[in-house]
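# Close look at the chain arrangement
Listed here are the chains, written in short residue letters.
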Amino acid sequence: MFDFSLAQARDALRARKISSRELTRAYLDAIEKLNPRLNAYITVTPERALAQADAADAALAGGQGKALTGIPLAIKDLFCTEGVRTTAGSRILDNFVPPYESTVSANLLRDGAVFLGKANLDEFAMGSSNMTSAFGAVENPWKRRADATAVLVPGGSSGGSAAAVAARLALGATATDTGGSIRQPASFCGIAGIKPTYGRCSRWGVVAFASSLDQAGPVARNVEDCAILLGSMAGFDPKDSTSADRAVPDFAAACARGVKGLRIGVPAEYTMDGMSSEILELWRRGLGWLRDAGAEIVDVSLPHTRYGLATYYIVAPAEASSNLARYDGVRFGHRENGEDLRDLYERTRAAGFGAEVKRRIMIGTYVLSAGYYDAYYLRAQKIRALILRDFTNVFGRVDALLTPTTPSAAFAQGENMEDPITMYLNDIFTVPASMAGIPGMSVPAGLDAQGLPLGLQVLGKPFDEETVFSVAATIERAAGFTTLPAIRAGA
Ligand code: GLN
């Protein structure tokens, strides 16, 4: 049961070799067994899942199978799910049961998916390790070869989604990426994940972090499975004014296209002090695979890359401070009673938000305040435009870019926590694409000396996810990455 990829499970379901009930039951049993340790799910919804599985089996029996009929998925707990608690990993939403379904999750349900439950995440998607979740850390199912006792982080913020997929506690999962939260956990957990172009998926019903950056996307075992999921998740939505009114291409077909004749750029700026030589070596190997498959490799420069992280950590907190103003304990969510209204607000927010969220609200409020707006927020917006211009210039000459996804493999719980900047450095290679709104995908490409997975990142032109999929699938085929994590269902 657990060896099926999403595409294989779909075919087996359609051929009626397995039933969705059997498949869903197997996944629920595995969650029951492994989730107490991994903590990849905050909420598991077995009854709902089995009811959806039975409906899927009935549809399949009638020859009514859709793209995802009967496929068990995990939903990041940032997507509102009607009648199912949605926490955003925060104490301030620990009792929030949305009366509506996010567009992305509704699209998946429309296509027949089964929802196993809600995946853990960093609080309000702020983090790179899942250590900031109010519902506890997530354990990465991978282990260091030399030290099986170290508990590694799955990355963040979509760490629960990535750990669930890697440990085979779901066939795929929704995730979101504001500055790297799909790509970095995918890389740390040895799976694939794509942040599509800003506007490709609706943000309606996704708890907002930084609205000009937030994008939904899938994580799954392989590139084709991501393509199938994105095909369902994406699409124009009149309820999100930033959603793009564009046809959704056949992403899965693009995976088979190959890279012959494509020009792949290698940006000189995607290195960092202290970066492991194994990652640089893997990057070189990845370029070799693409060359062997018929692509031309071109050296390029994205000179404003070095300002990416600093500007992201101004823009994202600024938007967060504004978006999170709504959590006041009055209409929904957690409430602490106070002596008067102001006291109620203060007590609610003091008790409801964790330290990282408070830090971002304070940074955001500061950079937006009257005396500092021009010096920080406005300047960051100008640099953001220059980062986009770098990409636009380069995409006049190349079809896609190849870079490392992260400067390191998964680290252990407690590491990189000395100061916030050390943690923020995880995002150095992922934030520029977020700032520019372009698509980016992480594909597992190899293992480091400790036996931990490493990802390569493919960046593409706006709304050209198809080329991203074709490049990522080519790397996947050449890498032949088949190693599985130590902790997994069916092992
Ligand atoms: N790690 C980054 C941050 O903490 C990105 C998070 C995300 O993409 N949601 O902001």
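Reference entry: report on the structure contained in this document. Because the structure is a prediction, the values reported are computed rather than measured.

Our next topic: the site of the ligand. Taken together, 15 residues form the shell around the ligand, and within it Thr178, Gly179, Ser181, Tyr312 and Arg360 come nearest. At a separation of 2.7 Å, an oxygen atom of the ligand approaches a polar side-chain atom of Arg360. Interatomic distance of 3.0 Å between a side-chain N/O atom of Asp427 and a nitrogen atom of the ligand. Expressed as a share of its isolated accessible area of 290 Å², the protein-covered part of the ligand is 100%. Per-class residue counts for the shell around the ligand are five nonpolar, seven polar and three charged.

With that out of the way, let us pick up the pairing of strand β10 (residues 440–447). Taking burial as the measure, the eight residues of β10 include seven buried ones, the bulk of the element. As paired strands, β10 and strand β11 (residues 453–460) are joined by seven bridges and run antiparallel to one another. The residue bridging Val443 from the neighbouring strand is Leu456, located in β11. In sequence, β10 turns back onto β11 through a hairpin of five residues, with Gly451 there showing a positive phi of about 80°.

In contact at an axis separation of 8 Å, helix α1 (residues 6–14) and helix α7 (residues 223–233) are set at 65° when each is read in the N-to-C sense. Comparing their axes, α7 and α1 come out roughly perpendicular. Seen from α1, the contacting residues are Leu6, Ala7 and Arg10; seen from α7, they are Glu224, Asp225, Ile228 and Leu229.

Turning to helix α5 (residues 159–166), a few remarks are in order. Of all eight residues that make up α5, eight are buried, and the element is covered over most of its length. Positive backbone phi, approximately 65°, marks Arg168, located one or two places after α5.

Inspection of the secondary structure assignment puts Ala88 in the loop between β2 (72–76) and α4 (103–110). Separated by 119 residues in sequence, Ala88 and Val207 have C-alpha atoms that sit 6.9 Å apart.

So, about the environment of Gly274. Relative to the helices and strands, Gly274 resides in the loop between β7 (263–267) and α9 (277–292). On a C-alpha basis, the gap between Gly274 and Met362 in space is 30 Å, while along the polypeptide they are 88 residues apart.

This part is about the packing of aromatic side chains. The relation between two aromatic rings is expressed through the spacing of the ring centres and the mutual angle of the planes. Taken as a whole and judged by the stated rule, the model has 18 aromatic pairs. Summarising the aromatic geometry, the rings of Phe188 and Phe411 are spaced 5.7 Å apart at their centres and angled 90° between planes, so their arrangement reads as edge-to-face. Here Phe188 is found in helix α6 (residues 183–189), whereas its partner Phe411 is found in the loop between β9 (400–404) and α14 (420–424), with 223 residues between them in sequence. As far as the burial class goes, Phe188 and Phe411 line up, both buried. For the ring pair Tyr313 and Tyr424, a centre distance of 3.8 Å and an interplane angle of 10° mean the geometry is stacked. With a gap of 111 residues between them, Tyr313 in helix α10 (residues 308–323) and Tyr424 in helix α14 connect regions that are remote in the sequence. The pair formed by Tyr313 and Tyr424 is uniform in burial state, with each residue classed as buried. Chaining the aromatic ring pairs together yields one cluster made of Phe96, Phe124, Tyr327, Phe332 and Phe353. Over the face of the ring belonging to Trp204 we find Lys239, whose NZ or CZ atom lies 4.0 Å from the ring centre.

Cut-off values and rules
Residues numbered from 1 in each chain as written. Predicted model: local features only at pLDDT ≥ 70, side-chain atom pairs only at ≥ 80, totals over all residues. Heavy atoms only, no water. Near = heavy atom within 4 Å. Polar contact = N/O pair within 3.5 Å; in protein donor to acceptor, adjacent residues only side chain to side chain. Areas by Shrake-Rupley, 256 points an atom, 1.4 Å probe, with all protein chains shown as cover. Nonpolar A, V, L, I, M, F, W, Y, C, P; charged D, E, K, R; others polar. Buried < 20%, exposed > 50% of the residue type's maximum accessible area, 1.4 Å probe, protein only. Helix = DSSP H or I, 4+ residues; strand = E, 2+ residues; numbered from the N terminus. Pairing = 2+ DSSP bridges. Axes fitted to C-alpha atoms, helices over the stretch in contact; angles between N-to-C directions. Parallel < 35°, antiparallel > 145°, perpendicular 65-115°, else oblique. Contact = heavy atoms within 4.5 Å. Phe/Tyr/Trp six-rings, centres within 6.5 Å; stacked < 30°, edge-to-face > 60°. Lys NZ or Arg CZ within 6 Å of the ring centre and 35° of its normal.

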